[in-house]
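Given next are the chains, with one letter for each unit.
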Amino acid sequence: MAQATGNEADRLSHVDGNLPDAGGGAGQPAETAAPNAPDQRPAFAGQTRAPQPAELTKVAVETVASGLPHLWAMEFLPDGRMLVTAKGGQMMIVSPDGEQRVEVSEVPKVVSGGQGGLLDVALGPNFASDGLIYFTFSEPREGGVNGTSVASAKLAATGDTAALEDLKVIFQQTPGYDGDKHFGSRLVFAPDGKLFVTVGERSDTPIRDQAQDLDSGLGKIFRINADGTIPADNPYVGQSGAQDAIWSYGHRNLQSATLDGDGRLWTVEHGARGGDELNRPEPGKNYGWPVITYGIAYGGTPIGEGITAKDGMEQPAYYWDPVIGPSGMAVYQGAEFPGWAGNVLVGGLVTQGLVVLKMDGDKVVNEERIPLEARIRDVKVGPDGAVFAVTEQRGGGDSTILRIRKGA
């Protein structure tokens, strides 16, 4: 049984965080607070604290829907309605104006304590013809343990009713664990129809060390087929002592993932006290946790040996110390913000707004922060090119959906 410690109380306070620092203005880093690990140095120039752009973006924010349950994810349906998941286990369809809400029935039971619940949701690649959606959830399992699982189902929606039909659990993270933290998780369909599944390493010591073990599904990114079977070209297929579904490993808690314009996977994972990191995960590579990491433990001590680099382990493309508290993630394409074309948008739980990253290849050249004065749980680009952000309240409570447009 996972037990909270004194450091755990410190962790929760830290991750909940306060409003972000005001930043240093155009051309200066958005983050001006002191790092938690001041003696650590980036591995290359621009790996952290990139400057803000010369011209800062002005936005106008409106509330599309309020009074929603504690949401975790949002996905646009082809007709402009929004399919949302709530941490407590509800799924609903929200009209574009936010006025109509249709609850979806036949959702499976979830473990909703701590960080668990009904998590990400994505439309299947053939949704227009087969109506299939995919979602992740913290699944209760035999023996009192739980774990992140992936399910598919047909979304049958007519008028003011909706239900999941032909539900199948197509993938389960193993081993299970009796804990309530670090479930991940995001779903991303690649252009070839393969499905990336991100998960966490369940947080506790020593089980988090299994992020380095190929025979464990903790702290991994998986790549599966849409029916849950394993692609034959995964990096560890047929390797003794390794799970066939693994794409990359050495991850902490992955709650942000998206594709760029070239169809490549990008993620942002939660660090400890410092050490949130942006990665472009590649097959068979080791991203280091908990052997190497930026930042420190929540109690103020080094993590492991306190090292930030080691042969055979990948450096993050970018990292944050202090953390932003990453959540949903998208790459911007649309007419509303032409200056953001190709930029990476990350929701901030701690920074309480959007973090906008301008990329040059695989490097971050600018970081801008758009304050929204709310914890942001998910981010999507709408059909109209506006940016939509899902908010949450600390410790639970209601959520809202915000629309962010270009300001004057």
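What counts and how
Residues numbered from 1 in each chain as written. Predicted model: local features only at pLDDT ≥ 70, side-chain atom pairs only at ≥ 80, totals over all residues. Heavy atoms only, no water. Buried < 20%, exposed > 50% of the residue type's maximum accessible area, 1.4 Å probe, protein only. Helix = DSSP H or I, 4+ residues; strand = E, 2+ residues; numbered from the N terminus. Pairing = 2+ DSSP bridges. Core = buried A, V, L, I, M, F, W, Y, C linked by side-chain atoms within 4.5 Å. Contact = heavy atoms within 4.5 Å. Axes fitted to C-alpha atoms, helices over the stretch in contact; angles between N-to-C directions. Salt bridge = Lys/Arg side-chain N within 4 Å of Asp/Glu carboxyl O.

Quick look at the pairing of strand E19 (residues 344-348)
When you tally the buried positions in E19, you get 5 out of 5 residues, the bulk of the element. By the alternation rule, side chains of E19 split into Val344, Val346 and Gly348 and Leu345 and Gly347, which are all buried. Bridge count between E19 and strand E20 (residues 353-360): 5 bridges; the pairing is antiparallel. Across the sheet, leucine 345 pairs through a bridge with valine 356, a residue of E20.

Considerations on the nonpolar core
Counting residues in each nonpolar core, the largest one holds 24 residues, and the members touching the most others are Leu83, Met91, Ile133, Phe135, Leu155 and Leu164. For this core, the secondary structure elements donating two or more residues are strand E2 (71-76), strand E4 (91-94), strand E5 (101-105), strand E6 (118-123), strand E7 (132-140), strand E8 (146-158) and strand E9 (161-172). It is E6 that provides the largest number of residues to this core, a total of 4 residues. Apart from residues lying up to four places away in sequence, leucine 155 is in contact with Leu77, Leu83, Ile93, Val104, Phe127, Gly131, Ile133, Ala163 and Leu164. Counting 18 residues, the second-largest nonpolar core is a separate cluster that includes Ala242, Ala245, Ile246 and Tyr249.

Remarks on the sheet that holds strand E22 (residues 375-381)
Read across the sheet, 4 strands follow the order E1-E24-E23-E22 without closing on themselves; strand pairing throughout is antiparallel. In this open sheet, the two strands that pair with only one neighbour each are strand E1 (59-68) and E22. Mean inter-strand twist for the sheet, computed between neighbouring axes without regard to direction, equals 25°.

Considerations on the pattern of salt bridges
A full pass over the atoms with the stated rule returns 22 salt bridges. With a closest N to O distance of 3.1 Å, arginine 141 and glutamate 139 form a salt bridge. Side by side, arginine 141 and glutamate 139 carry an identical accessibility label, which is buried. In this structure, arginine 186 and aspartate 378 form a salt bridge, with 3.5 Å as the shortest nitrogen-oxygen distance. Here aspartate 378 lies in strand E22 and arginine 186 lies in the loop between E9 and strand E10 (187-189), a separation of 192 residues in the sequence. The exposure class of arginine 186 is buried, given its relative accessible area of 2%. The exposure class assigned to aspartate 378 is buried, which follows from its relative accessible area of 2%. In the salt-bridge network here, residues are joined through shared partners; they are Glu62, Glu336, Asp384, Arg403 and Arg405.

By themselves, these figures tell us nothing about what the structure is for.
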